[in-house]
Amino acid sequence: MSTLSPAVPKFETVGCIGLGLMGHGIAQAAAQSDFKVIAFEQEQRFLDSGRSRIEGSLGKMLKREKISQEKYDQIMGNITYSTNMDDLKDTDLVVEAVIENMDLKKDIYGSLGSICKPEAIFASNTSSLSITDMANVSGRPERFVGVHFFNPVQMMKLVEVIRTEHTHPDVFDASKAWVGDINKIAVSCNDTPGFIVNRLLVPFLTQALLMVDRNDASIKDIDISMQLGAGHPMGPLHLADFIGLDTINNIITGWVEEFPNEPAFVVPKCLSDKIEAGDLGRKTGKGFYHWGEGDKRGDPVE
């Protein structure tokens, strides 16, 4: 583990708030790298679900002989599960990974500020919300960063580490070092909408959707063109379905509201129509494509 500046605590115990799709992977990654983890959910049913996800993920690694039984037991032993936020009081770093709801996140940081020790660092895993807005309600904006992981956390190596104008340089450096300590690759970014990946990716996806609106080309031909012409592993409409049309819509509508004069931020009509119809892509079995069992993509929706 990294040797840190005296201004920053040595990271030994990491708190993870939220054990959903992203949070359970973050908790697992930290525990696999021998950090002590306090995994928090407000409700026992969500805590149990997160524990089951971690057990299932590690169980697959054990079955495939990627880890030993001893290592499995060690990783699981590194994680303490709790529904009591006060149990986070001695953590050195708290990573929040709850749903993309700014009011909920602000409430959490308002509470954490009075619970955690003053030198603890707070980090949000948000993919699209303002790090600065959360930092300002935390009571410790100089000790606040973004750490945007990618799904699935266990496999994806990239983590965007985001600083605000308030973030202390030692805090930012320590946060990047921790990302390396859990076997991920950190990239640096200022607090700009969508950070690096989504700032580039979401407008790219919306431009493909606008082509559908204008009937410039078929869904299938747009996707084939970006696969064979740009070397992408899947086309933008396939990818949009895979991510979830509701997720994309939530990101872009939030940006449109906050930055109405940014021409790159626009909500295509076909996206709004799909949302209204409840066709959210892979997760509902229908979006721009039909989806079958085992996430098998079918024909485009006419």
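Just so it is clear, the model here is predicted, and its values are computed rather than measured. (Residues numbered from 1 in each chain as written. Predicted model: local features only at pLDDT ≥ 70, side-chain atom pairs only at ≥ 80, totals over all residues. Heavy atoms only, no water.)

Asks: Give a detailed account of the packing of helix 7 (residues 197–214) against helix 11 (residues 269–277), specifying residues and quantitative values.
Replies: Close contact between helix 7 and helix 11 brings their axes to 7 Å; oriented N to C, the two are set at 90 degrees. Here helix 11 runs roughly perpendicular to helix 7, going by the angle between their axes. For the pair helix 7 and helix 11, the contacting residues are Leu209, Val212 and Asp213 in the first and Lys269, Cys270 and Leu271 in the second. Residue composition of the contact of helix 7 with helix 11, grouped by class: four nonpolar, no polar and two charged. (Axes fitted to C-alpha atoms, helices over the stretch in contact; angles between N-to-C directions. Helix = DSSP H or I, 4+ residues; strand = E, 2+ residues; numbered from the N terminus. Parallel < 35°, antiparallel > 145°, perpendicular 65-115°, else oblique. Contact = heavy atoms within 4.5 Å. Nonpolar A, V, L, I, M, F, W, Y, C, P; charged D, E, K, R; others polar.)

Asks: With reference to specific residues and values, describe the pairing of strand 10 (residues 296–300).
Replies: Here three bridges tie strand 9 (residues 289–292) to strand 10, and the two strands are oriented antiparallel to one another. Residue tyrosine 289 lies in a different strand from strand 10, and its bridge partner there is proline 300. (Pairing = 2+ DSSP bridges.)

Asks: Go over a positive patch on the surface, please, and point to the residues and values.
Replies: Together, Lys60, Lys63, Arg64 and Lys66 line one region of the surface with positive charge. Turning to its location among the elements, lysine 63 is positioned in helix 2 (residues 44–63). Since its relative accessible area comes to 75%, lysine 63 is described here as exposed. (Patch = residues over 30% accessible without salt bridge, like charges linked within 9 Å, V, L, I, M, F, W, Y side chains within 5 Å. Areas by Shrake-Rupley, 256 points an atom, 1.4 Å probe, with all protein chains shown as cover. Salt bridge = Lys/Arg side-chain N within 4 Å of Asp/Glu carboxyl O. Lys, Arg positive; Asp, Glu negative; His and termini not counted. Charge placed at Lys NZ, Arg CZ, Asp CG, Glu CD. Buried < 20%, exposed > 50% of the residue type's maximum accessible area, 1.4 Å probe, protein only.)

Asks: Can you explain the pattern of salt bridges? Please cite residues and give values.
Replies: The full count for this structure, using the stated rule, is 10 salt bridges. The closest approach of N and O atoms between arginine 45 and glutamate 43, which form a salt bridge, is 2.7 Å. Look at arginine 45 and you get exposed, because its relative accessible area is 57%. With a relative accessible area of 37%, glutamate 43 lands in the partly exposed category. Note that aspartate 216 and arginine 214 form a salt bridge whose closest N and O atoms lie 2.7 Å from each other. Salt bridges sharing partners connect three or more residues here, namely Glu96, Glu100 and Lys105.

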